[in-house]
Amino acid sequence: MVSLSRHILVMLLLAIFATSCNQGPSLQAYYVDNQEKPSFLSLDVPTSFLNVDTSELSKDQLEAYESIKKLNMLAYKIDNENLDSYKAELAQVKSILDDDKYEELIRGGNNQDGKFMVKFTGDIENIDEFILFGNADDKGFAIVRVLGKNMSADKIMNLSQVFENANVEDDAVKQFMNFFE
């Protein structure tokens, strides 16, 4: 009887563990599943590749920069043959980003030039992940996951101008940054 109770308890714990791990599709899983596919461009970039001159940064900018560990970038480029696939992939990404765990910080753009949104996980003063998502129906979409530790929304937003002026030497990063031009 004790053995049967023990087996039932173990099975119950395994069932609880299995269901708690399956929280639906995630951006990380989407990235991993698609990074090798032909219509996608993916990059994992440590912040050191951006060649930011830290001596020119304010204290807040330096703290924000040091809180960022790496960027995961994934882009889907449209061509004449994959428009239906683009629409399906775009719908899937939007569905993932509609999950309540992603808090919206800002959104903008228009139908002509493209749209963007910035979301995050964690709380506003201790962000685990920033997600920058943009799409243009004539070009495709791009997702940038900014991963770090103890990131703050205010400080990271202040740092965005620094990244725009960064001296990027890596050709793959340049290609990604010029994706929507």
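Above this text sits the structure in question.
The text that follows walks through the structure, step by step, so that each part is easy to find. Throughout this description, residue numbers start from 1 for each chain and increase along the sequence as written. With pLDDT at 70 or above as the cut-off, local features in this predicted model cover only qualifying residues; side-chain atom pairs require 80 or more to be listed or tallied, and sums for whole chains, interfaces and linings still use all residues. Calculation of side-chain values draws on the structure's entire complement of heavy atoms; hydrogens and water are dropped beforehand.

1. Focus: the packing of helix α2 (residues 27-34) against helix α4 (residues 83-97)
What counts here: To define axes, lines are fitted to C-alpha atoms, for helices over the stretch in contact only, and angles between the resulting N-to-C directions are given on a 0 to 180 degree scale. Segments assigned H or I by DSSP are reported as helices when at least four residues long, segments assigned E as strands when at least two residues long, and all are numbered from the N terminus. What sets the label is the angle itself: under 35 degrees gives roughly parallel, over 145 gives roughly antiparallel, 65 to 115 gives roughly perpendicular, and the rest give oblique. The contact criterion used throughout is that any non-hydrogen atoms of two residues lie within 4.5 Å.
Taken N-terminus to C-terminus, the directions of α2 and α4 make an angle of 155°; their axes are 10 Å apart at the nearest point. Taken together, the axes of α2 and α4 lie roughly antiparallel to each other. Together, Leu27, Tyr30 and Asn34 of α2 and Glu89, Gln92, Val93, Ile96 and Leu97 of α4 make up the contact between the two elements.

2. Some words on empty space enclosed by the protein
We apply this condition: Lining residues are defined by having an atom within 4 Å of a point belonging to a cavity or pocket. Those points lie on a 1 Å grid over the protein atoms alone, cavities being sets where a 1.4 Å probe fits but cannot get out and pockets being open sets with protein on both sides within 12 Å along at least five of seven lines. Grid points are joined across faces, edges and corners, and a volume is the space filled by probe spheres set on the points. Three categories are distinguished: nonpolar for Ala, Val, Leu, Ile, Met, Phe, Trp, Tyr, Cys and Pro, charged for Asp, Glu, Lys and Arg, and polar for the others, with Gly belonging to the last.
Using the criterion set out here, one finds one cavity of 30 Å³ or more in the structure. The computed volume of the largest cavity comes to approximately 30 Å³. In this structure, the largest cavity is lined by Leu27, Tyr31, Asn72, Leu74, Ile143 and Arg145. For the lining of the largest cavity, the elements supplying multiple residues, two or more each, are α2, β2 (68-77) and β6 (140-151). Here the residues of the lining of the largest cavity sort into four nonpolar, one polar and one charged.

3. Description of the nonpolar core
Quick note on the threshold: Buried residues of nine kinds, namely Ala, Val, Leu, Ile, Met, Phe, Trp, Tyr and Cys, make up a nonpolar core once their side-chain atoms join them within 4.5 Å. Under the scheme applied here, a residue whose accessible area is under 20% of the maximum for its type counts as buried, over 50% as exposed, and between as partly exposed, the area being computed with a 1.4 Å probe on protein chains only.
Of all hydrophobic cores here, the largest spans 20 residues; its most connected members are Ile68, Leu71, Phe130, Val146 and Met151. Elements supplying a minimum of two residues to this core: β1 (40-46), α3 (59-67), β2, β4 (114-123), β5 (126-136), β6 and α5 (153-164). If you look at the next biggest cluster of nonpolar residues, it comprises 18 residues, including Leu27, Val93, Leu97 and Phe141.

4. Side note on the pattern of salt bridges
Note the following rule: Only one rule defines a salt bridge in this text: a Lys or Arg side-chain nitrogen within 4 Å of an Asp or Glu carboxyl oxygen.
Overall, the coordinates contain two salt bridges when judged by the stated rule. Among the salt bridges present, the one from Glu104 reaches Arg107, with a minimum N-O distance of 2.7 Å. The partly exposed category is assigned to Glu104, whose relative accessible area is 38%.

5. Brief notes about the sheet that holds strand β3 (residues 103-110)
Which entries qualify depends on this criterion: Pairs of strands are assigned from DSSP output, requiring at least two bridges between the strands.
Read from one edge to the other, the open sheet built from six strands follows the order β1-β2-β6-β5-β4-β3, with strand pairing classed as antiparallel. Of all the strands in the sheet, the pair left with one neighbour each is β1 and β3. Ignoring strand direction, the axes of neighbouring strands in this sheet form an average angle of 10°. Pairing of β5 with β6 involves nine bridges; the strand directions are antiparallel. Note that in β6 the partner of Glu129 across the bridge is Leu147. Most of the contacts of α2 go to β2, to which it runs at about 60°, and overall it touches β1, β2, β5 and β6. Packing against the sheet, α4 makes contact with β1, β2, β4, β5 and β6, and its axis sits at approximately 155° to β5.

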